[in-house]
Amino acid sequence: MTARTDIPIESRLIRAHTYAAFCGLLLSALFGLMVSIKFNAPSFLTGHAAWTWGRLRYDHTQGILYAWLGNAFIAFLYYAVPFLTRHPVTNRRLGWAMFWIWNVIAVLGGWTLVLAGYNQPLEWAEFPLVIAAVIELSFILLIVQFVLPFIQCGASEIYVAGWYLLGGITFTTLAFPLGNLMPHLLPGAMGAAFSGLWIHDAVGLFVTPFGVAIAYFVLPAVTRRPIYSHFYSMIGFWLLFMAYPLNGIHHYILSSLPMAAQHASEVASLYQGVDVILVVTNLLLSIPIAIAATVLEDIPFRFLWTSIVLYLVVSIQGSAQAVMAFNRYIHFTDWVIGHSHLAMIGFASFAAMGGLAHIWQRMPGVRFSRRALGWSYWLLVTGLGLMVADLTVAGLIQAALWQSSLPWIESVRASKPYWLFRTFDGCLLLSGFIVFAVSFLTGPRNTDHRLAVVVNESAGAENDFLKNGAPISDSTRTYSWINTAYATVFGAGMMFFFVSFLALGVFPAIHLHAEIDRTTPKAARLYLSAAEIHGRDLYAKNGCAYCHTEQVRFTAADERRFGPPTQAWETQREFPQMWGTRRIGPDLARETKKHPNDWQLVHLYNPRYIVPDSIMPAYPWMYDGSPSKPTQAALDLVAYLNTLGRAANTLSPKPQPVATEMPIQTTPVHWDEGRQVFLHNCSGCHGANGDGASPGGEALRPVAFNLTGFTLTDQRIWRVLQVGVRGSAMPAWNNLPSDQLRAVAAYTASLGQAPDLAPDKMWAPASVLLEAGRRIYETHCVQCHGEVLSGNGPAANKYNPRPTDFHEVLPSYPAAEYVLHHGVPGSAMAAWPLLTPQEIQAVTYYIRSFYRTPQDYPGKHASTPKQIGEIAP
Amino acid sequence: MTAWLVAVITIILIALILAHRVWPVFRRRSEFPKYRFLDNLGITDGSRANEAHTGPIHLPASNNNPNHNQGEDREPHQS
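Reading the values: the criteria
- Residues numbered from 1 in each chain as written.
- Chains lettered and ligands numbered in written order.
- Predicted model: local features only at pLDDT ≥ 70, side-chain atom pairs only at ≥ 80, totals over all residues.
- Helix = DSSP H or I, 4+ residues; strand = E, 2+ residues; numbered from the N terminus.
- Buried ≥ 20, exposed ≤ 12 C-beta atoms within 10 Å, placed from the backbone.
- Contact = placed C-beta atoms within 7 Å.
- Axes fitted to C-alpha atoms, helices over the stretch in contact; angles between N-to-C directions.
- Parallel < 35°, antiparallel > 145°, perpendicular 65-115°, else oblique.
- Left-handed = near helix turned anticlockwise from the far one by under 90°.
- Nonpolar A, V, L, I, M, F, W, Y, C, P; charged D, E, K, R; others polar.
- Bend = angle between axes of the 7 residues up to and from the residue.
- pLDDT = per-residue confidence, 0-100.

Attention now moves to the overall build of chain A. A tally of regular secondary structure across chain A gives 31 helices and 4 strands. Looking at the 873 residues of chain A, the share that counts as buried comes to 55%. A separation threshold of at least 6 residues defines the contact pool for chain A, and within that pool the share at least 24 residues apart is 79%.

Counting its regular elements, chain B contains 2 helices and 0 strands. Burial analysis of chain B (79 residues in total) assigns 32% to the buried set.

With that settled, consider the packing of helix α10 (residues 299-322) of chain A against helix α13 (residues 370-403) of chain A. Residue and element names in this part refer to chain A. Taken N-terminus to C-terminus, the directions of α10 and α13 make an angle of 20°; their axes are 9 Å apart at the nearest point. Accordingly, the angle class assigned to the pair α10 and α13 is roughly parallel. Judged by the twist between their axes, the crossing of α10 over α13 is left-handed. Touching I299, R302, F303 and T306 of α10 are R370, L373, G374, Y377 and V381, all from α13. Partitioned by chemical class, the residues of the contact of α10 with α13 number 5 nonpolar, 2 polar and 2 charged.

Once that is clear, we can look at the packing of α10(A) against helix α12 (residues 334-360) of chain A. All names here are of chain A. At their nearest, the axes of α10 and α12 sit 8 Å apart, and the two run at 155° to each other. Classified by the angle between their axes, α10 and α12 sit roughly antiparallel to one another. You can see that α10 and α12 cross each other, and the crossing is left-handed. When the residues that make up the contact of α10 with α12 are grouped by side-chain class, the tally is 17 nonpolar, 9 polar and no charged.

Largest kink in α12(A): about 35°, centred on A:S349. Among the 27 residues of α12(A), 25 are classified as buried, and the element is accordingly described as predominantly covered.

This brings us to the confidence of the model for chain B. Residue and element names in this part refer to chain B. In the predicted model, chain B carries a mean pLDDT of 61, and 51% of its residues have values of at least 70. Segment residues 46-79 is flagged for pLDDT under 50; beyond a separation of four residues in sequence, or across chains, it makes 76 contacts in the model. Taken over the whole predicted complex, pTM reads 0.88, whereas the ipTM for its chain interfaces reads 0.80.

Before going further, it helps to examine unusual backbone geometry. Apart from glycine, the bulk of residues carry a negative phi angle, and the bulk of peptide bonds sit in the trans form. Residue and element names in this part refer to chain A. With an omega dihedral of -15°, the bond running from F575 to P576 counts as a cis peptide bond. Residue P702 is bonded to the preceding R701 through a cis peptide linkage, with omega at 0°. Checked against the element boundaries, P702 lands in the loop between α24 (695-699) and β3 (710-712). For R86, which is not glycine, the phi dihedral falls at a positive 60°. Summarising the element assignment, R86 is placed in the loop between α2 (53-85) and α3 (92-115).

What follows concerns the environment of B:T10. You can see B:T10 is positioned in helix α1 (residues 2-22). Look at B:T10 and you get partly exposed, because 13 C-beta atoms sit within 10 Å.

What follows concerns the confidence of the model for chain A. Residue and element names in this part refer to chain A. Summarising the model, chain A shows a mean pLDDT of 89, and 93% of its residues fall at 70 or more. Note that residues 459-473 has pLDDT below 50 and, in this model, 18 contacts with residues that lie over four places away or in other chains. Segment residues 862-873: pLDDT under 50, and 23 contacts once partners within four positions in sequence are set aside and those in other chains are kept.

As a further point, take the environment of A:Q321. All names here are of chain A. Within the secondary structure layout, Q321 lies in helix α10. Classification of Q321 as partly exposed rests on a count of 19 C-beta atoms within 10 Å. Separated by 70 residues in the primary sequence, Q321 and H251 place their C-alpha atoms 9.4 Å from one another.

Here you go:
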């Protein structure tokens, strides 16, 4: 006697979550595209805080995780769970409540709050804590809705896709609060250990299980054959849940986290690669060769097949990236961004798309276009392939440049073509996503009216399989044994989760706590002022940590470029930690005293004002209309930047750069090359013509030097390029290659035009001018510039930058007049508005007479005016 | 600690693999869910009990699942 039961499937909830997934996918991809455009056009959408790069980046990744994949997975759960359990989901009303909570509060609320500046700088946990609490509640509701039907089945009857769904829901519910909450409770390195766990668990315990579950579900439905081995699929499942949580710390390889934990994550990552080989082999062996070509005509399955293959590729790539020898080169580069796009689009999104399309074909009353889906597949495969190749190559180039001693900006310049191409790839991907959504809204309509699981049960008998395959008594014992074994392994899996929490979270935290206690210098100033804390909040909410790491790693390249490695004790007040996992801009862990405040303020207002090739976003909304009018927010943010590395620098100050001897030029210096170096590196402050008339240069204090109004000796130029000008924004450029340094020095020397005064312009004979100039100088200037004009007067030591040494600097008459009328804002040089034009001419005449004379040159006497022409350049 | 964790994972999995290899009923039983799942999908086949533990089996093209798209866009291997 056979009883037939129809188990309903909540098709309206599937449709609702599918439509929400489309909205989430398109908006999240749009956020990503905007982020990508900002790499090429950094001034794009900079007028308002909400559209700044960091906040859009937060919404991009959170949107992909929750708005797109979350909805897609939930839609799939509504379809799959009744087929896997022969039971309906727990409650339809609960389903609708979850739908609104998930989409309106968690996703829309999260996005809005992030744009409004309420967020947290934790990778894959950027939504603020209040939204994180709602998401956690949703995960608990997911357990009620979808796990209860599984409990009604025997453990040994659950198909592997069900196990992955069970594992995904329960383990994510456990891991999610750890990643969101713990970094607020544990600072710096200790918090980073937990952040690392969640970064990986978000992919490993949320995205991956659902993706693999979809593969295991759809594959037999399309091939109409069972999978190759259920047993080995279960081995893969347990291995994933036992090894994956151990991977977390591989995001902080070569950091100050305990080396044992780093090695643990390294080994677990390799183990994980082995597991994925097992899983993918089992899946691919489940596609019989005889029908492979035919099933691949099923376009939803084509998505899925691609997803399975890319799962293998991205996992092996991930395992390799965790190996320290490789990690030291490619970590923080675009290679990793290519890897994450391969994982989230190539594996997870393709799996979700394949699963949704598979479901949609069976949904009553909906439209579905295979042709559009096919177009979407090729657009996405092309876009993704190009993007991953592009970012991988960009990453390798960045890695090579970071190993060199070239300035950081060189890696930005080298990456620009790749970032432009990435935007093009992003357009292809967005087009593919749009066409994918279109395929669900066009095409013929399914005329079925009902969706249900049809179960034919043979009453009073064991399953056919068992009857034919083994004695009832034997199979019953086995059934019991397997139930017990599976329940035990599930328990072991849960235990492992907690063990991983202990091994990679608690254990490093205890170790670090002791280490921090032992190594923190007593004199270290670690507390931040209220303004600095406010600045830190601004830094966090605008996503600065997503471009600038705050950790110098224990690698030779990092130490050479940024300074001593970041020790655990240095970040013990960082709640939450902002170590970062990507470097688009340079590391800021040693930022203190690297640049003066005026440099930071102008740079923050518009980075191109200072660094012409910078792609950093501008923050004009922190100012009242000009870089010289910062709001308190900008001042506080700069105050925070000055705290980065402050404690270590106070105890062990950075060595000041030392000027080297100017090299003897053995090869010709090319003026054009010097001009190019100047335009790329110097024109931001000094202006394209070198006259200092640039928005950035004029906003600096002291203002940028007018290179056209003064002639400088070669030694002076060389020394300034080597060590910078203390007390000004002029940095040392000693990391430029020597040929570039020589070229730009020669070009700079050619800019200065300070000719002698034509005789008809002199208001008095030279001897009179000289004497008048001497008297004026001794009255007004000698206190700072000194008796012999070497810039070493009695008051000189009070000032930075030091007063000008006129043995090395020859002012032109117009430039001298301008300076005497206006002073040099931001320096000790005051305006002298009461000096008459004749007095200015006289004192300029006198000053010029010292140019290129020895430092102890006593000055010329009025009786020897003829010699003046001889000393002019 | 790392070594212990990896060792425990490995031992658990090796124990399961050994049980699977030496215990035919276990082997058969552990493959049961994949056939049960096919049943749930509406894909039935009486010969599957002869399947030892792995590999493809030949199922008739019957399908009692009424929920496939009946439109002209239907996939070639759907019924």
